[in-house]
Amino acid sequence: MRQSHLFTKTRKSAPKDEVAKNAQLLIRAGYIHKEMAGAYAYLPLGLRTFNNIVSIIREEMDAIGGQELTLTALQNPTLWERSGRWSDEAIDVWFKTTLKDGAEVGLAVTHEEPLTALMTEYIQSYKDLPKYAYQFQTKFRNELRAKSGIMRTREFVMKDLYSFSRDEKEFRTFYEKCAEAYKKIFDRAGIGAQTFRTFASGGSFSKFSDEFQTICDAGEDTIYVHRKKGIAVNKEVYTDEVLAELGIKRDELEEMKAVEVGNIFPLGTRFSDVLGLTYKDEEGKEVPVVMGSYGIGPGRLMGTIVEVLGDEKGLVWPKEVAPYPVHLVSIAGGNKEVTEEADRIYDLLLENGIEALYDDRDARAGEKFADSDLIGIPTRFVVSEKTMAQGAVEAVNRADGVSSLVPESGIVEYLGRSD
Ligand code: ATP
Ligand code: MG
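For every chain, the first residue of its written sequence is number 1, and the numbers climb from 1 along that sequence. Chains and ligands are labelled by the order in which they are written, letters from A for the one and numbers from 1 for the other. Selection of residues for local features in this predicted model requires a pLDDT of at least 70, selection of side-chain atom pairs for listing and counting requires 80 or more, and totals for whole chains, interfaces and linings are taken over all residues. With hydrogens and water excluded, all non-hydrogen atoms of the structure serve as input to the side-chain values.

J.: So, the overall build of the protein: which residues are in play, and what are the values?
T.: Where helices and strands are cited, they refer to DSSP runs of H or I of at least four residues and of E of at least two residues respectively, numbered from the N terminus. Within the protein one finds 12 helices and 21 strands. A compact globule built from 419 residues should have a C-alpha radius of gyration of about 22 Å, and the protein, at 24 Å, falls within 12% of that. The principal-axis extent of the C-alpha atoms belonging to the protein is close to 80 × 60 × 45 Å. In the protein, buried positions account for 51% of the 419 residues. Positive: Lys, Arg. Negative: Asp, Glu. His and the chain ends are not part of the count. By convention, charge coordinates are those of NZ in Lys, CZ in Arg, CG in Asp, or CD in Glu. Charge separation in the protein, taken as the distance between the mean sites of 54 positive and 68 negative side-chain charges, equals 2 Å. Taken over C-alpha atoms, the radius of gyration is set against a globule rule of 2.2 Å times the number of residues to the power 0.38. Three exposure classes are used, based on accessible area relative to the maximum for each residue type with a 1.4 Å probe and protein chains only: buried under 20%, partly exposed in between, and exposed over 50%.

Written out as structure tokens, the structure reads:
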């Protein structure tokens, strides 16, 4: 992508009403646009980044047997009345609206009800289980506060997976498998070291659940981290009984601010009971399906990466998440040969299946470097008279600023390295 063609531009400052670091940097770098509080548009650079996060999650969900589908955002109240969750007392963040004929509909806050009801058409026997279904789908929630940029919005995509198992044991096996998959996701997203499986409340569904919490000053949650064991406890269940159950002591824990990037939830038979999702077991007895739900917000994850890794110069993307693997910056200063050389390298990368963001604009070196820092692509290749004289490009690592000369014959290999 030639930067001269990109319709977005970087900006010096973020809107005054934008308080979150993630939104400030993402707006300044041209990744997102604030439509209103709690609603952001994803622009070309932002959408590529978002889609990379979605791809990581999709790969890991497919690897544990997830089958992707898409449910509707419009919700039929009948199903939610059966589970007792249509009322604003049960779910206080509902967006509801009315059809022309006066009938009420809801905008999806989550999807346990419609998926459980749908599954009654396909699950009848123990032979039909277990099954795992997931989606990347838009949720609408009338959140009270929306001051955390893309980490808490009123319209957001959620990856929600639901598990359908024969019994508690089969459910648990998958639950742990999904916890492992989540670990891989957060590692690949570059925040594995800061993210802890956190013992948390199970809300109205079960006694406990597990959250994946990332240490971050902008986080809204307080957790107690056991560094050695690599686990944590949410403040809401921080009691002596829970600590005893986990085999940890108060004085081994550090209190930290954190953001919930994902969670996994035992649902038991809470939804299968009321929506009639049962199966015939091997003895021919009709029994309710045991369920679980597993959420991650790719937008919240993207915002968290910015909060954790972003620095005073701008965004810092891990390799797998970055909108482009390399930012090719030509410092031609009117020298046609430099421009031609940079064009050639851009084409060479493309021929090797590497899509670069190519700063081919006619601008000062200082401006180009500042923009490149702000945009945060992991590797920058600089082409100038100086580098040409050495038959090389200068490779600069965005995360630590370390630079080296890479001979032109070695640039494809350089990008393919695994560190
Ligand atoms: P929170 O306590 O932060 O409101 P939640 O308990 O409501 O989160 P879930 O309903 O379980 O979260 O949603 C699953 C995942 O969806 C969360 O772990 C988070 O990554 C994401 N998510 C939840 N609410 C939002 C939101 N308003 N904006 C963006 N992502 C969200
Ligand atoms: Mg919430």
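J.: Can you break down the site of ligand 1 residue by residue, with the values?
T.: Surrounding ligand 1, one finds 15 residues, the nearest of these being Arg141, Glu143, Arg152, Glu260 and Asn263. In the model, an oxygen atom of ligand 1 is placed 2.5 Å from a nitrogen or oxygen of the Asn263 side chain. In protein, a polar contact requires one atom able to donate a hydrogen and another able to accept it; more generally it is a pair of N or O atoms within 3.5 Å, and residues adjacent in sequence count only if both atoms are side-chain atoms. A distance of 2.9 Å is found between an oxygen atom of ligand 1 and a side-chain nitrogen or oxygen belonging to Arg300. Computed with a 1.4 Å probe, the accessible areas rest on the Shrake-Rupley method; for each residue, only the protein chains presented here act as cover. With the chains in place, 81% of the 580 Å² that ligand 1 exposes on its own is no longer accessible. Only heavy atoms are used to decide nearness, and a residue is near a molecule or strand if one of them lies within 4 Å of it.

J.: Requested: an account of the sheet that holds strand E20 (residues 392-397), with residues and values cited.
T.: Here a strand pair is declared whenever DSSP counts at least two bridges between the two strands. As summarised here, the arrangement of the five strands in space is E18-E17-E19-E20-E21, forming an open sheet in which the pairing is mixed. Among the strands making up the open sheet, the edge pair consists of strand E18 (356-359) and strand E21 (403-407). For this sheet the average axis-to-axis angle between neighbouring strands, irrespective of direction, equals 25°. With five bridges connecting them, E20 and E21 associate as antiparallel partners. Paired with Ala395 across the two strands is Ser404, which belongs to E21. Contacts from helix H10 (residues 365-375) reach strand E17 (326-331), E18 and strand E19 (379-384), with the element oriented near 175° to E17. Here an angle of 0 to 180 degrees is reported between the N-to-C directions of two axes, which are lines fitted to C-alpha atoms, with helices fitted over the stretch in contact. Only heavy atoms enter the contact rule, under which two residues are in contact if any of them lie within 4.5 Å.

J.: Got a sec to walk through the packing of helix H2 (residues 44-63) against helix H5 (residues 168-188)? Specific residues and values, please.
T.: The geometry of H2 relative to H5 is characterised by a closest axis approach of 9 Å and an angle of 155° between their N-to-C directions. Between H2 and H5, the interaxial angle falls into the category roughly antiparallel. In this structure, the crossing between H2 and H5 has a hand that is right-handed. Only Cys178, Ala181, Tyr182, Lys184, Ile185 and Arg188 of H5 make contact with H2, whose side of the interface consists of Ile56, Ile57, Glu59, Glu60 and Met61. When residues are grouped by polarity, Ala, Val, Leu, Ile, Met, Phe, Trp, Tyr, Cys and Pro land in nonpolar, Asp, Glu, Lys and Arg in charged, and all others, Gly among them, in polar. Looking at the contact of H2 with H5 residue by residue, the classes come out as seven nonpolar, no polar and four charged. Between 65 and 115 degrees an angle is taken as roughly perpendicular, under 35 as roughly parallel, over 145 as roughly antiparallel, and anywhere else as oblique. Take the far helix as your reference; a near helix turned counterclockwise from it by less than a right angle gives a left-handed crossing, and one turned clockwise gives a right-handed crossing.

J.: Would you mind going over helix H4 (residues 112-119) in detail, with residue names and values included?
T.: Of all the eight residues making up H4, seven are buried; the element is thus mostly covered by neighbouring parts of the structure. Turning to H4, its buried residues are Glu112, Glu113, Pro114, Leu115, Thr116, Ala117 and Met119.

J.: Run through the nonpolar core, naming residues and quoting values.
T.: Residues enter a nonpolar core if they are buried and are Ala, Val, Leu, Ile, Met, Phe, Trp, Tyr or Cys, with the set joined through side-chain atoms within 4.5 Å. Tyr31, Met61, Tyr182, Leu301 and Trp317 are the most contacted members of the largest nonpolar core, which totals 53 residues. For this core, the secondary structure elements donating two or more residues are helix H1 (21-28), H2, strand E7 (131-140), H5, strand E13 (254-268), strand E16 (290-296), helix H8 (298-309) and H10. The biggest single contributor to this core is H5, with nine residues. Each of domain 1 (21-309) and domain 2 (326-415) gives at least three residues to this core. Other than its neighbours up to four places away in sequence, Trp317 contacts Leu26, Tyr31, Thr49, Met302, Ile305, Val306, Ala322, Pro323, Ile375, Gly376, Ile377 and Pro378. Within the second largest apolar cluster, 24 residues are counted, among which are Trp86, Ala117, Phe271 and Leu277. An automatic or database domain assignment supplies the residue ranges for each domain.

J.: Account for the side chain of Thr198, with residues named and values stated.
T.: By the secondary structure assignment, Thr198 is in strand E9 (residues 195-201). Engagement of the side chain of Thr198 in a polar contact is seen with the backbone oxygen of Phe196, the distance being 2.9 Å. In contact with Thr198, not counting residues within four places along its chain, are Ser209, Asp210, Glu211, Gln213, Ile223, Ala232, Val233 and Asn234.

J.: Please set out the domain arrangement of the protein residue by residue, giving values where relevant.
T.: Assigned domains of the protein: these are domain 1 (21-309) and domain 2 (326-415). Spacing between the C-alpha centres of domain 1 and domain 2 amounts to 40 Å. Taken together, the contacts link six residues of domain 1 with four residues of domain 2. Interface area, domain 1 with domain 2, both sides summed: about 430 Å², of which 61% is carbon and sulfur. Every case where a carboxyl oxygen of Asp or Glu lies within 4 Å of a side-chain nitrogen of Lys or Arg is listed as a salt bridge. Across the contact surface, domain 1 and domain 2 share one salt bridge. With a closest N to O distance of 3.4 Å, Glu355 and Arg48 form a salt bridge. Breaking the side of domain 1 that touches domain 2 down by element, the ones donating at least two residues are H1 and H2. Residue composition of the side of domain 1 that touches domain 2, by class: four nonpolar, no polar and two charged. Buried area adds together the accessible area that both of two parts lose upon being put together, with accessible area traced by a 1.4 Å probe.

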